[in-house]
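Now for the letters of each chain:
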Amino acid sequence: MSNHFYYGGDYNPEQWPRSVWDEDVGLMREAGVNLVTVGVFAWAQLEPREGSFSFGWLHDLLDLLATNGIGVDLATPTAAPPAWLSVRYPDVLPVDAAGARYSHGSRQTICICSPAYLERARTVVTQLANEVGHHEAIKMWHVHNEYACHVPYCYCDYHAQAFRRWTEQRYGSLDNLNDAWGTAFWSQTYTDLSQVVPPRLTAAFVNPSLDLDYKRFSSDAYFQEFLMERAVLKQARPDLPLTTNFMGFFKPLDYFGWAAQMDIVSTDNYPDMSDPEWPVRSAMHCDLVRGLNKAAPWMVMEQTPSRVTWHNPNVPKRPGHMRAMSYQAVARGASGIMFFQWRASRTGAEKFHSAMVPHAGKGSPVWTDVVALGKELASLEDLAGTAIDAKAAFLFSWPNWWALEAPSQPAGGLTVDDQLMWLYRPLFAGGVNVDFCQPDESLEGYRAVVVPSLYLISEEQGAKLLSYVEAGGTAIISFWSGIVDERDSVYLGPYGGPLRPLLGCDVVEVSPLPVGQVLEVQWEDGERGTGELWAHVATQRDGQVLARYSRGPLSGRPAVLQTGYGKGRAYYIGCRLDHDSLARLYGLVPGLHARATMAPPEGHVERVLRVGRDKRYEFLINYSGSERVVEVAEGGTDVLTGRITGSRVALEPAGVAILRYPHPSGGRPLRRPQGLKP
Ligand code: GLA
């Protein structure tokens, strides 16, 4: 049976003598590998001297892989410029905020606005595409590697010039620019465009509006380089699917725009295995990536078979967790499970990173697990034509992330990551699946939308959310939402800006709390809960108060409200409610009800439902260290074992079950089928 999933990893044969290649392909076949990413850091081998190219070794490698039925995800090598480049053109090296220039010596030390870099990158990509682009082994284009990973911001003069051009395009005139950035504050008014500089090292807080635009510009600058490479590759082989590997919640790049230009969205998922909540983070990562381009498939381009080299300590995956995490991605729609890297390096900064073929070779348990997963995935039936059953959406926006975490906020402890985890955690625990959406996209079809501290929201985005609720949707909005517009200018009046009609109250002040201080919250039925981190100071308006602060200076003020708007309703949460209170609130919301069967003791079991026209699959994954028994609908067949299941399924530690059911109701319209190779 041919594998419906991509399975493989980064393959760097340039690090090994030719004799090892033969062993590699033999082992790849044994492990069921069908795709490898080649050439991702091979610029020095492809162009050892400027303008002098060497493709012979690559032809040999591609022939060998094709003969063995192994496909290639051919990468452009532009993330690792060769030593000669910066010697010949020193200004390809980036400059930090204090004006210091980086040196060559690792990878990705690039100024993405440097003309010499752009020219040499275009040349090597063009040569690569023309020279080997038509080789039968090549199944996918892989552009660059983890854009902006090590140097998200460069502050050099090329960047300054490009930033000025960017601001000119965005604002049209200096007056508009001064207005948008509020430069009357602290005497920052510009009288000539040449005075505009990147947010370099300066004494006090940098202008947050300038900083926000620099983040937009820097994300764009990388995107322009991606588009340049994309155009070259597409010209050579328009038929090949194209991707670049994302990093999930990577702050510097606004991936929504990027994903629209990709045929398959791919990501590198490396949760810190010492974090007990890694399954939650990893699930959220998958959901984000799936949501970036809802018309395209997605895949895991990299994960580690066991340890990485850059967490501290680099905790290995526990037995079974590599498999469990792989099935989590498959459950959440992934079309491929790939690793960094195929063979563990002997030298270099990542020699102790685990790999599919470890230093110990076939004697390592990692190898055994890699082979077992490859076999199992190859035998897994085709899940194509099914989609995640997500009845709710999570709103997420990069500009909001950038602005919300600027240093001049009321509370430094308010981070997007914490807010997401706080609001996502009870849904994960309750087996409720969500899609991530940006505030500009249509929310039609979702029964509920969670709005995690959307501090920055434009009038248009606000109007979209309002019309969604007006038409019958439900919004759950957490505090510090609707505060500024897209320029980071405060909406005056009680806080909430365009979202005010959904808040049910007038938020007249905010009150960040000292670390460790807990507020007491009382629900209308007398039940008590707590809040922390932050409290809005609000006066009830047209909303119904569901819970109030019951002690201290805010006593009697509303903490949680519900407001009807058009045919829908909104819930507004004014502080960071404790887990149970939040779960209680979600319990009121259609689309966010936890699944009854997920109450303890089944905790630590992830449940994901995929539905199609004539079947549905329920994935169960046990992350706990002990057996868990889960109640399920009767009559399922576990596709991993072929066994028909009753109303209870026992999962061993790290156990996985995938239950297939004939769809009872004939299915519902699919938002987007997942698990399809493009
Ligand atoms: C990233 C990179 C890889 C490698 C791994 C190590 O994902 O893309 O080249 O450095 O991290 O975890």
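All of these numbers come straight from a predicted model, not from anything done at the bench. (Residues numbered from 1 in each chain as written. Predicted model: local features only at pLDDT ≥ 70, side-chain atom pairs only at ≥ 80, totals over all residues. Heavy atoms only, no water.)

Asker: Would you take a moment to explain the sheet that holds strand S7 (residues 265-268) for this structure?
Answerer: Within a sheet, each strand pairs with its neighbour through backbone hydrogen bonds, oriented either parallel or antiparallel. Sheet architecture is open: nine strands sit in the order S5-S4-S3-S2-S1-S9-S8-S7-S6, paired in parallel fashion. Edge positions in the sheet fall to strand S5 (242-243) and strand S6 (245-246), since each of these pairs with one other strand and no more. In the sheet, S7 pairs with strand S8 (residues 298-302) via four bridges, with the strands oriented parallel. Following the sheet pairing, valine 265 is matched in S8 by tryptophan 298. The strands touched by helix H12 (residues 365-379) within the sheet are strand S1 (6-11) and strand S9 (334-339), with S1 carrying the most contacts at an inclination of about 140 degrees. (Pairing = 2+ DSSP bridges. Helix = DSSP H or I, 4+ residues; strand = E, 2+ residues; numbered from the N terminus. Contact = heavy atoms within 4.5 Å. Axes fitted to C-alpha atoms, helices over the stretch in contact; angles between N-to-C directions.)

Asker: Can you walk me through the site of the ligand in this structure?
Answerer: Around the ligand, a shell composed of Phe41, Arg107, Asn145, Glu146, Asp268, Tyr270, Glu302, Trp310, Phe340, Glu350 and His353 is seen. Between the ligand and tryptophan 310 there is a distance of 2.7 Å, counted from an oxygen atom to a side-chain nitrogen or oxygen. When the ligand sits alone it has 300 Å² of accessible area, and the protein chains cover 98% of it. A class-by-class count of the residues in the shell around the ligand yields four nonpolar, two polar and five charged. (Near = heavy atom within 4 Å. Polar contact = N/O pair within 3.5 Å; in protein donor to acceptor, adjacent residues only side chain to side chain. Areas by Shrake-Rupley, 256 points an atom, 1.4 Å probe, with all protein chains shown as cover. Nonpolar A, V, L, I, M, F, W, Y, C, P; charged D, E, K, R; others polar.)

Asker: Before we go on, may I ask you to explain the side chain of glutamate 376 in this structure?
Answerer: Mapped onto the elements, glutamate 376 comes out in helix H12. In this structure the side chain of glutamate 376 is engaged in a polar contact, spanning 2.8 Å, whose partner is the side chain of tyrosine 327. If we skip the residues at most four places from it in the chain, glutamate 376 touches Arg323, Tyr327 and Leu640.

Asker: What is the right way to look at the pairing of strand S28 (residues 656-662) in this model?
Answerer: The side chains of a regular strand alternate between the sheet's two faces. The buried count for S28 comes to five of seven residues, which makes it a mostly enclosed element. Note: strand S23 (residues 615-622) against S28, seven bridges, orientation antiparallel. Looking at the pairing, leucine 620 lines up with alanine 657 of S28. Summarising the sheet, strand S25 (residues 636-638) and S28 pair through two bridges and their orientation is antiparallel. Each residue of the ladder has a partner; that of aspartate 638, found in S28, is leucine 659. (Buried < 20%, exposed > 50% of the residue type's maximum accessible area, 1.4 Å probe, protein only.)

Asker: Got a minute to help me understand helix H7 (residues 174-181) in this structure?
Answerer: Think of an α-helix as 3.6 residues a turn; residues three or four steps apart then line up on the same face. Inspection of H7 places Leu177, Asn178, Ala180 and Trp181 among the buried residues, and these make up the whole buried set. Buried residues along H7 cover an arc of 165 degrees about the axis, so they all sit on one side. In H7, the exposed positions angled more than 90 degrees off the buried face are occupied by Asp175 and Asp179. Looking at the packing, one finds that the buried side of H7 touches helix H6 (157-171) and helix H8 (208-236). In the segment just after H7, glycine 182 is the residue with positive phi, at about 55 degrees. (Arc of directions from axis to C-beta.)

Asker: It is not clear to me how the domain arrangement of the protein should be interpreted in this structure. Could you clarify?
Answerer: Accessible area lost upon the coming together of the parts is a frequently used measure of interface size. If you check the domain split of the protein, you get domain 1 (6-151 + 240-385), domain 2 (392-592) and domain 3 (605-666). Computed over C-alpha atoms only, the centres of domain 1 and domain 2 are separated by 38 Å. Between domain 1 and domain 2 lies a buried interface of about 2,000 Å² when both sides are counted; carbon and sulfur atoms form 63% of it. Broken down residue by residue, the surface that domain 1 buries against domain 2 is led by Lys251, Phe256 and Met284, which jointly contribute 34%. Run the count over domain 1 and domain 2 and you get five salt bridges. In this structure, glutamate 441 and lysine 294 form a salt bridge, with 2.8 Å as the shortest nitrogen-oxygen distance. Along the contact surface separating domain 1 from domain 2 lie 14 residue pairs in polar contact (both at pLDDT 80 or more). (Domains from an automatic or database assignment. Buried area = accessible area lost by both parts, 1.4 Å probe. Salt bridge = Lys/Arg side-chain N within 4 Å of Asp/Glu carboxyl O.)

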